[in-house]
Amino acid sequence: MGAHRQGRSAQGGRCGAESWGSGDCGRSQCGSLNRIIRKSETGLGQAAYRRLIEMAKNTKHIAIYGKGGIGKSTTTSNISAALAEAGHRVIQIGCDPKSDSTNTLRGGDYLPTVIDSLRDSGKTRLEDISAIGFKGILCIEAGGPVPGVGCAGRGINAAVGLLQELNVFEEFEADYVLYDVLGDVVCGGFAVPIRDGITDRAYVVSSSDFMAVYAANNLFKAIGKYAPSGGARLGGIIGNSVLPGYPQALIEDFAKVTGASVAGYVPRSPVVAQSELYGKTVIEASPQSDQAEVYRKLAAHVASNEQLTVPAPLNVTDLRDWARSWGDAINKEAVSSGTAAN
Ligand code: SF4
């Protein structure tokens with residue numbers, strides 16, 4: 001991926017309404033924040049800018065999307081932990097207004113968000129908005145707007161702009177930067193990581209529930225829109241809490257009809273909930289468990305996978321028909337096995 005494209009993101013920032021970052025949308029903080037980002041870019045200087053580009057060629061910037069509650073933060077943090085455990089230098093940036101993406105990497109302590117820090121002081125230092133977590137992972141939370149005001153995409157762009165300004169990617173020498181992005185709605189704001197070249201690859205966490213698949217299909221639409229102009233491409237679907245049998249078959253079929261691939265499956269396990277109760281990832285809390293091995297295998301795939309694609313999302317009618325055909329198949333199976341609800 002190219003840091004030059006990251007730079008362009010701050011200059012060209014626009015939301016779904018084509019006015020993101022300009023202040024034209026009526027969100028007063030929107031335009032002023034974008035000016036901060038622009039200022040930081042011009043302050044980089046040509047030499048630092050070139051170094052950033054060279055460094056960025058060796059750094060994989062990976063977005064992991066998923067609808068709320070699907071387990072994307074758990075999945076992202078365990079991938080980060082597995083990569084760090086394997087000796088890689090990792091940055092995880094939470095891009096969810098809940099700002100709890102990195103909790104299990106750093107014991108769950110409060111971490112000021114980038115957007116809050118910029119809002120309060122206008123200028124901030126890396127140590128103000130970051131924490132070193134498990135195995136040296138640099139943890140950052142982009143943060144979100146004041147509830148009811150502003151655009152969540154601002155936090156993501158502000159975080160990236162600030163990290164550029166502070167030369168974090170260069171000085172930390174990250175091998176992997178993981179962006180944990182809320183994916184219920186892939187609007188202009190939440191599409192920032194895949195839209196403006198911040199990342200060059202995206203994964204989506206999905207269960208076999210329809211709304212999770214629906215969210216994945218929306219992400220595919222966004223990738224299809226932005227990939228031709230330099231946006232991210234799809235690394236694959238990560239099936240979370242997907243049981244063998246029809247749930248896996250459903251995910252496999254969705255991948256097949258959209259031209260996507262499945263990066264791996266993470267089974268439901270009480271080890272995950274138990275680890276989170278201790279404020280840790282599975283990799284840290286239960287390193288000998290089968291579940292830890294699942295995450296290590298997934299992390300290895302994400303780290304090495306270069307088969308990136310531009311998927312072909314289903315239109316509304318085809319998605320509805322596809323879902324109904326699966327409903328019919330599941331019902332038929334239940335009737336024949338005597339387990340139908342009615
Ligand atoms: S994050 Fe919210 S305000 Fe920003 S583009 Fe999306 S829907 Fe609009």
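What counts, and where the lines are drawn
- Residues numbered from 1 in each chain as written.
- Predicted model: local features only at pLDDT ≥ 70, side-chain atom pairs only at ≥ 80, totals over all residues.
- Heavy atoms only, no water.
- Helix = DSSP H or I, 4+ residues; strand = E, 2+ residues; numbered from the N terminus.
- Expected span 1.5 Å × (residues − 1).
- Buried < 20%, exposed > 50% of the residue type's maximum accessible area, 1.4 Å probe, protein only.
- Contact = heavy atoms within 4.5 Å.
- Phe/Tyr/Trp six-rings, centres within 6.5 Å; stacked < 30°, edge-to-face > 60°.
- Salt bridge = Lys/Arg side-chain N within 4 Å of Asp/Glu carboxyl O.

A. Representation of helix α9 (residues 210-226) in the model. Here α9 spans 25 Å end to end across 17 residues, near enough to the 24 Å set by a 1.5 Å rise per residue. Looking only at α9, the buried set comprises Ala212, Val213, Ala215, Ala216, Asn217, Leu219, Phe220, Ala222, Ile223 and Tyr226. Looking at the buried positions of α9, the neighbouring elements they touch are β1 (60-66), α8 (192-195), β6 (201-206), β7 (233-240), α10 (246-258) and α14 (316-337).

B. Looking closely at the side chain of serine 208. Following the sequence through the fold, serine 208 ends up in the loop between β6 and α9. A residue is classified by how much of its surface remains accessible, and serine 208, at 16% relative accessible area, is buried. Not counting residues up to four positions away in its chain, the partners in contact with serine 208 are Val213, Val242, Pro247, Leu250 and Ile251.

C. Here's a closer look at the packing of aromatic side chains. Tallying each qualifying case throughout the model produces 3 aromatic pairs. Aromatic pair phenylalanine 210 and tyrosine 214: ring centres 6.0 Å apart, planes at 50°, arrangement tilted. Linking phenylalanine 210 with tyrosine 214, this pair stays in helix α9, spanning 4 residues, or about one helical turn. Note on phenylalanine 210: relative accessible area 37%, which makes it partly exposed.

D. Structural detail: the pattern of salt bridges. In the structure shown here, the tally under the stated rule is 12 salt bridges. Across the pair lysine 60 and glutamate 306 runs a salt bridge whose closest N-O atoms are separated by 2.9 Å. Within this pair, whereas lysine 60 is found in strand β1, its partner glutamate 306 is found in the loop between α13 (290-304) and α14, the two being separated by 246 residues in sequence. When its relative accessible area of 47% is taken as the criterion, glutamate 306 is described as partly exposed. Linked by salt bridges that have partners in common, Lys60, Asp200, Arg201 and Glu306 make up one network.

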